[in-house]
Amino acid sequence: MAESICRALRDGALQGEHAPALTIKDSIASPFGFHVFTHLLTQLSSNILAAKSQSRGLVLVAFSRSPSFYLDLLNRKGIDVASSQKWIEILDCYTDPLGWKDALLASENGGSLSNEASTGASLCRNVKDMDKLYSSIIELGKGIVGQGKVRFCVAIDSVNEILRHASISSVAGLLSNLRSNDRVSSIFWLSHSDLHEDRVTAVLEYMSSMVASIEPQNQSANGRRCNWESLPLLEHNYWKGRFHVRFKRRNGRVRVMSEEFHVEQSAINFRSISSEDEIVNRSLLPKELVNPFKFMMVGDHLRMARVKQNLFLLEYCRQMRTLARAR
């Protein structure tokens, strides 16, 4: 199922349609959304370098980590960041998001923060301005792929950091403008759902064509809840959970898929849910009460209605006969 998301982001947008958008949603109960984000980031980067993706470049908007962190991450994964062909641009919204550091340096010695040209990052000093942020992302993408109809992908590592400085309506406008831009092939972002109200999460999910939810593995194999304190120390380094994804189809229907994941030594792996786990989950669900009248044909319903009417008339006649005898 994680591979299905990678394929959707890789294949990009169809002609005349908005770009595929993915919301990665986690919570404090299962805080592994960033692991999923980096997994998709590395997979998409590999597809771009292998020319297997619709996009020919990637714009990474870094809010929660520094640009050097992502460059080291990609290098550890064996992805050539310093290649002769420029394929990635990082918009640094982490170093000085509000321009305070730059103003402080300017007031002290007349200097300014560098744009981290050595690390291939462009510094953003005002994340409150959604129009400027949108223009910066588009300009960086065009700088990678050039003019024409070549597309690029956009990755935002934390929508929550944007919501600290802007309203949900302006953030939704930013995401909508990116999706509708004909140069963007796909876009995905990370959101910690328990940091905001439910209506904020609902807006982000509405803007998405795919929603990936990371949920904890609350039940053990025998159907009982896991007691994390009773697990040995080795088990604490081997985290598990459920990975649920909702795909919105073009006809309006929604397809739901589930997988299991485990995180070990900063790597995340996915596997399909075994049949035994499915049997356990089904046994824990309450059985549905079947209405016997649900499967009756239309003629059967009409006959039942006539029988009820005749019974009512018989009861009415019996009561009238009783009153006549009493008189």
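Refer to the structure above for everything that follows.
The sections below set out a description of the structure shown in this document. Everything quoted here is computed from the prediction, not taken from an experiment.

The buried count for strand 3 (residues 88-92) comes to five of five residues, which makes it a mostly enclosed element. With burial as the criterion, each face of strand 3 is covered, one bearing Ile88, Ile90 and Asp92 and the other bearing Glu89 and Leu91. Strand direction decides the pairing type here: strand 2 (residues 55-62) and strand 3, joined by five bridges, are parallel. Directly across from Val61, in strand 3, lies its bridge partner Leu91.

Quick look at the side chain of Asp26 now. With respect to the helices and strands, Asp26 occurs in strand 1 (residues 21-26). Notably, Asp26 is buried but unbridged: the nearest opposite-charge side chain belongs to Arg65, and the N-O separation is 9.2 Å. A polar contact is formed between the side chain of Asp26 and the backbone nitrogen of Gly33, at a distance of 3.0 Å. Excluding residues that lie within four positions of it along the chain, Asp26 makes contacts with Pro31, Phe32, Gly33, Phe34, Ser191, His192, Ser193, Asp194 and Ile214.

Turning to the packing of aromatic side chains, a few remarks are in order. In the structure shown here, the tally under the stated rule is seven aromatic pairs. Seen from their ring centres, Phe34 and Tyr70 are 6.3 Å apart, and the 55° between their planes marks the pair as tilted. Of this pair, Phe34 sits in helix 2 (residues 33-49) while Tyr70 sits in helix 3 (residues 67-76); the two residues are 36 residues apart in sequence, bridging distant segments of the chain. Both residues of the pair, Phe34 and Tyr70, belong to the buried class. For the pair Phe243 and Phe270, a centre-to-centre distance of 5.1 Å together with 50° between the ring planes defines the contact as tilted. Here Phe270 lies in strand 10 (residues 267-271) and Phe243 lies in strand 8 (residues 239-248), a separation of 27 residues in the sequence. When its relative accessible area of 21% is taken as the criterion, Phe270 is described as partly exposed. Through pairs of rings, three or more aromatic residues link up here, namely Phe34, Phe37, Phe69, Tyr70 and Phe188. Looking at Arg65, its charged tip hangs above the ring of Phe34, at a distance of 4.1 Å from the centre.

About the thresholds
- All residue numbers here refer to positions counted from 1 along the written sequence of the relevant chain.
- Local features in this predicted model are restricted to residues of pLDDT 70 or higher, and side-chain atom pairs are both shown and tallied only at a pLDDT of 80 or more, whereas totals for entire chains, interfaces and linings draw on every residue.
- Based on all heavy atoms of the structure, the side-chain values leave hydrogens and waters out of the count.
- Relative accessible area decides the class of each residue, using a 1.4 Å probe on protein chains only: under 20% of the type maximum gives buried, over 50% gives exposed, and in between gives partly exposed.
- Under the scheme used here, helices are H or I runs from DSSP no shorter than 4 residues and strands are E runs no shorter than 2 residues, and both carry numbers assigned from the N terminus.
- Paired strands, as defined in this entry, are two strands with at least two bridges between them according to DSSP.
- Only four residue types enter the tally: Lys and Arg on the positive side, Asp and Glu on the negative side; His and the chain ends are excluded.
- A pair is scored as a salt bridge if a Lys or Arg side-chain nitrogen falls within 4 Å of a carboxyl oxygen belonging to Asp or Glu.
- The term polar contact refers here to a pair of N or O atoms within 3.5 Å; inside protein, the definition further demands a hydrogen-donor-capable atom paired with an acceptor-capable atom, and it admits residues adjacent in sequence only when both atoms are side-chain atoms.
- Here a residue-residue contact requires only that any non-hydrogen atoms of the pair lie within 4.5 Å.
- Ring geometry is summarised as follows: Phe, Tyr and Trp rings, the Trp one being its six-membered ring, pair when their centres sit within 6.5 Å, and such pairs are stacked at plane angles under 30 degrees, edge-to-face over 60 and tilted between the two.
- Only when the NZ of Lys or the CZ of Arg is both within 6 Å of the ring centre and within 35 degrees of the ring normal is a charge said to sit over the ring.

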